[in-house]
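# Observations on the model geometry
Each chain, letter by letter, is given below.
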Amino acid sequence: MRIAILGLICLVNFSCTNKYKDVVNTEQDYQIIPKPASLEVANGQFLVDVNTKISADNALQNEANYLAEMLSLASGIDISTGETGTIQLKIDDTIESEEGYSLSVSYNQIIVSGKTAKGVFYGIQTLRQLIPVTTESAKSDELTIPAVIIKDRPRYQYRGMHLDVARHFFPVDFIKKYIDLIALHKMNTFHWHLTEDQGWRIEIKKYPKLTEIGGYRNGTIVGHHPGTENDQKRYGGFYTQEEIKDIVAYAAQRHVTVIPEIELPGHSSAAIAAYPSLSCFPEEPTIVTNNMMSEKGKQIIAEGTPKIVQETWGVFDDVYCAGKDETFAFLQDVLDEVIPLFPSEYIHIGGDECPKANWKRCSNCQKRIKDEGLHDEHELQSYFITRIEKYLNSKGKNIIGWDEILEGGLAPNATVMSWRGTKGGIEAAKQKHDVIMTPGHSCYFDHYQVHDKEEKEKEPLAIGGNTTVADVYAYEPTPEELSEEDSKYILGAQGNVWTEYMETTDYVEYMILPRMTALSEVVWSPQNSRNWEDFESRLQHFSNRYDAMGLNYAKHSIKEK
Ligand code: ACM
Ligand code: ZN
């Protein structure tokens with residue numbers, strides 16, 4: 001009877017027949033980015049059919065639902081989760097790495113195991129790359145997965161992408177798409193640059209003018225800085241706290257941590273436009289350099305409101321006053337509303353490009369220097385950052401700052417983001433501080449992505465520089481200068497996306513793809529497995545996935561596109 005039932009099941013379930021069991025697979029069937037740490041080719045294919053069910057440990061229900069949705073869309077069959085399944089998701093304590101996983105596919109079973117749910121999620125992302133790219137947008141009539149044994153783990157714990165939503169503002173749906181891309185690449189951090197000279201993008205209930213006034217500018221320069229004219233168009237937007245909660249929850253389901261950046265003490269013109277007393281000189285009108293101020297801006301100032309949101313790009317002298325206690329009370333109130341929105345251990349506090357000109361001539365700032373026994377304005381910046389760090393530490397958060405926070409002395413527990421090359425990162429690691437590498441030459445995705453001057457002219461407007469996909473791929477985040485001991489402070493790397501010249505979501509996609517794909521392998525795969533020719537060929541295949549996902553990307557960066 002038992003044999004008869006099994007036979008009946010086999011009749012219904014084609015996976016019992018040799019047709020799938022004996023299929024011979026080759027390397028070509030496993031074009032995975034980032035390249036897994038170890039992969040054993042096996043024979044056979046798993047067929048996703050009406051009998052496919054997913055069973056999962058209790059801690060993995062989120063991952064089971066994610067996989068069920070992915071396979072249902074890809075196969076056109078309603079794949080459900082249940083007690084027993086031919087696909088099993090498991091927690092396995094014997095896996096060493098927190099984010100590691102093992103994936104075993106055979107003709108009649110798939111097992112994805114991870115030390116944590118995160119690892120299992122990355123195993124599912126690998127499965128996603130083992131099914132046809134076309135299933136990103138259309139179902140496959142016969143969905144098969146090649147048999148394989150993969151054991152995989154990331155090289156670095158911090159694998160990030162940044163996005164500046166202040167120079168240009170992007171809707172919630174796009175932020176989710178960006179988070180999806182981060183997850184597809186097995187990256188785990190979204191650094192969300194929320195405040196800038198040109199716009200304040202996060203609702204703060206205690207200070208409504210931050211978004212009412214600071215969220216909008218009355219014009220923007222046209223063309224590359226310094227620009228040819230002002231477009232005279234009101235521009236802006238912001239995320240409500242409800243939208244932010246929704247985005248953070250969406251990211252958490254994809255094991256992406258969202259780190260907000262609340263920039264200080266520089267790049268603060270939008271906050272100062274909303275609350276001028278945060279400036280050293282509240283009565284001094286905002287300067288929009290090169291005579292590029294909008295007519296509306298001029299009118300507002302002529303009518304007696306001296307501060308406006310910035311309309312050109314660059315670095316501006318009008319920064320938070322470090323002398324007034326009011327500044328710190330304001331920032332602490334802001335952070336009090338930011339903290340509960342973001343479960344992240346870190347809050348990025350900026351710290352870059354803060355000119356000291358106003359502090360030098362401000363009596364409040366000079367008094368602070370004297371009272372605190374500081375030597376100069378660099379030490380005043382260090383005082384500013386350390387005071388904010390202390391506050392955030394008292395709330396259970398740690399700070400990340402751009403490498404300028406080294407100047408005048410590092411705040412005791414700060415993590416440094418090295419952007420002006422690698423020098424700051426090396427220095428911080430030697431001082432036993434954690435470091436995230438984002439050096440311009442390799443990690444700035446606002447650069448042109450060609451070297452050739454003529455080719456560059458065919459590219460859409462970018463800030464400058466040239467960082468090709470090959471340059472990104474060649475990047476080694478752990479500097480040779482560091483001892484093995486100090487190398488441990490290099491947590492990972494991140495791609496930065498400053499959006500002065502990226503007016504649309506399409507353009508952001510173009511600038512990150514395929515460079516982000518290259519970076520994902522830099523931060524995930526074992527150093528000794530990196531090989532440009534091999535990557536280039538897998539990238540060609542991966543770009544078919546971009547096509548199926550309807551993504552815009554730099555086709556000239558892909559061989560034979
Ligand atoms: C930066 O690019 N100003 C951190
Ligand atoms: Zn001041």
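Shown above is the structure to which this text applies.
In short, a report on the structure.

## Remarks on the coordination of the zinc ion (ligand 2)
Tetrahedral coordination by four donors sets the ideal angle at the metal to 109.5 degrees; octahedral coordination by six donors sets it to 90 or 180 degrees. Protein ligation of the zinc ion (ligand 2) involves Cys-280 (SG), Cys-321 (SG), Cys-362 (SG) and Cys-365 (SG), the donor distances falling in the range 2.2 to 2.3 Å. Every donor residue of the zinc ion (ligand 2) comes from the same chain, spaced as C-x40-C-x40-C-x2-C. Residue Cys-280 is located in the loop between helix H8 (269–274) and helix H9 (295–302), and its partner Cys-321 is located in the loop between H9 and helix H10 (325–338); the two are separated by 41 residues in the primary sequence. Each member of the pair Cys-280 and Cys-321 is classed as buried.

## Looking at the pairing of strand E18 (residues 398–402)
Of all 5 residues that make up E18, 4 are buried, and the element is covered over most of its length. Taken together, the 3 bridges between strand E17 (residues 346–350) and E18 define a ladder with parallel strand orientation. By the bridge assignment, Tyr-346 is partnered in E18 with Asn-398. Sheet topology note: the E18/strand E19 (residues 415–418) ladder contains 3 bridges and is parallel. Following the sheet pairing, Trp-402 is matched in E19 by Met-417.

## Some remarks on unusual backbone geometry
That bond from His-225 to Pro-226 is cis: its omega, 10 degrees, falls within 30 degrees of zero. Within the secondary structure layout, Pro-226 lies in the loop between strand E13 (221–222) and strand E14 (229–230). With an omega of 15 degrees, the peptide bond between Leu-513 and Pro-514 qualifies as cis. As for its placement among the helices and strands, Pro-514 is situated in the loop between helix H19 (505–512) and helix H20 (515–524). A positive phi angle is found at Gln-232, which is not glycine, with a value near 60 degrees. Inspection of the secondary structure puts Gln-232 in the loop between E14 and strand E15 (235–236). Assessed through its relative accessible area of 40%, Gln-232 is described here as partly exposed.

## Examining the sheet that holds E18
Consider a sheet: its strands pair through backbone hydrogen bonds, and that pairing is either parallel or antiparallel. Strands sit in the order E8-E9-E16-E17-E18-E19-E20-E23 around a closed barrel of 8 strands; the barrel is parallel. Sheet twist, expressed as the average angle between the axes of neighbouring strands with direction ignored, equals 30 degrees. Note: strand E8 (residues 158–164) against strand E23 (residues 490–495), 4 bridges, orientation parallel. Bridging from a neighbouring strand, Arg-159 pairs with Ala-493 of E23. Docked against the sheet, H20 engages E8 and E23, running at close to 150 degrees with respect to E8.

Criteria and thresholds
- Residues numbered from 1 in each chain as written.
- Chains lettered and ligands numbered in written order.
- Predicted model: local features only at pLDDT ≥ 70, side-chain atom pairs only at ≥ 80, totals over all residues.
- Heavy atoms only, no water.
- Donors = N, O, S within 2.8 Å, 3.2 Å for Na, K, Ca; no water.
- Helix = DSSP H or I, 4+ residues; strand = E, 2+ residues; numbered from the N terminus.
- Buried < 20%, exposed > 50% of the residue type's maximum accessible area, 1.4 Å probe, protein only.
- Pairing = 2+ DSSP bridges.
- Axes fitted to C-alpha atoms, helices over the stretch in contact; angles between N-to-C directions.
- Contact = heavy atoms within 4.5 Å.

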